[in-house]
Amino acid sequence: MPEPKGRSLPLSGPRRFILDMMHYASKVPSVPVGRTMNLGPLAEARRSHPLRPSWAVLFLKGFGIVCEAHPPLRHALLSVPNLRLYEHPFSIASLAMEREHDGEPVIVVGLFRAPERQSIAELQKSLDEYRTWPIEKVGFFRQMLRISGYPAPIRRFLWWSTLHVSGPKRAKRLGTFGLSSYGSLGAESYHPISPLTTTLTYGPIDPDGRVTVKLIYDHRILDGAQIARRLGDLEAALLGPVRDELLADQAPRREAA
């Protein structure tokens, strides 16, 4: 009896997007640094907040605050016409999330401009839109599908030019830092790779708010001691201004009651 054979499947546009991104991410000498945080007071403020905002939103806001105070986190390494560092005037967060497209689960990216300058409610509204709007109606998703339809040499050239030529275009198209987490699925990523200078990730968050947070950084641009200190700053931002905003949002409700 003949041995059963498998079948060849075409690559979808979103899968080609991931292939191209990983091609350039693999060229970045990235290093992870982790810190165990006790975010109990933040978890309590989140539970009692009327929106119960996503943890991703809180981390976006917190790390945006840290990046605003520490410009090296907004640096990118460019190579054309000469090797240099570019500093963007504000952060643009790149959040990876899972969606469905043509019956296939795919990873897409949502961009959040200057998260440190937006309210938690505004960030949550943008996240809800990214998660629920048809992919074709979201500008970044639509561009991703369009570029992923090009032949491989053209796609790779577009990626290369975006990463190496213009700092403003790089930030606008890809962001200045990334956030990716499987914490809500009960898992954590040990060393996610990305073409960006820094990528933030965190694992499952205990009911008491204990969580391991990692910051993966491009060692050509930053050093480990800097990153270790910035993780401490992130914890302080989450327990300070981010928690304070959650509590302030609840004050009118308490007064009305």
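Owing to the predicted nature of the structure, the values given are computational and were not obtained by experimental measurement. (Residues numbered from 1 in each chain as written. Predicted model: local features only at pLDDT ≥ 70, side-chain atom pairs only at ≥ 80, totals over all residues. Heavy atoms only, no water.)

**A closer look at the sheet that holds strand β8 (residues 210–218)**
Point 1. Here we have six strands laid out as an open sheet, ordered β1-β8-β7-β6-β4-β5, and mixed in their pairing. Looking along the sheet, the strands with just one partner apiece sit at the ends: β1 (30–38) and β5 (104–113). Each strand axis lies, on average, 25° off the axis of its neighbour in the sheet, ignoring direction.
Point 2. Pairing between β1 and β8: nine bridges, direction antiparallel. Across the sheet, arginine 35 pairs through a bridge with valine 213, a residue of β8.
Point 3. Packing against the sheet, helix α3 (residues 55–69) makes contact with β4 (92–101), β5, β6 (177–179), β7 (198–202) and β8, and its axis sits at approximately 160° to β6.
Point 4. Along the sheet, helix α5 (residues 139–148) makes contact with β4 and β5, crossing β5 at roughly 130°. (Pairing = 2+ DSSP bridges. Helix = DSSP H or I, 4+ residues; strand = E, 2+ residues; numbered from the N terminus. Axes fitted to C-alpha atoms, helices over the stretch in contact; angles between N-to-C directions. Contact = heavy atoms within 4.5 Å.)

**What to know about the layout of surface pockets**
Point 1. The volume enclosed by the largest pocket comes to roughly 1000 Å³.
Point 2. Taken together, 39 residues make up the lining of the largest pocket; nearest its centre are Ala96, Met97, Leu179, Ser180 and Ser181.
Point 3. Residue assignment for the lining of the largest pocket shows that the elements contributing at least two residues are α1 (13–25), α3, β4, β5, α4 (120–132), α7 (167–174), β6 and β7.
Point 4. The biggest single contributor to the lining of the largest pocket is β4, with five residues.
Point 5. Grouping the constituent residues of the lining of the largest pocket by class yields 25 nonpolar, ten polar and four charged.
Point 6. Taken as a whole, the second largest pocket spans an internal volume of roughly 260 Å³.
Point 7. As for the second largest pocket, its lining consists of Phe17, Phe140, Gln143, Met144, Arg146, Ile147, Ser148, Leu158, Trp159, Thr162, Arg173 and Leu174. (1 Å grid on protein atoms, 1.4 Å probe; cavity = no way out; pocket = protein on both sides within 12 Å on 5 of 7 lines; lining within 4 Å. Points joined across faces, edges and corners; volume = space filled by probe spheres on them. Nonpolar A, V, L, I, M, F, W, Y, C, P; charged D, E, K, R; others polar.)

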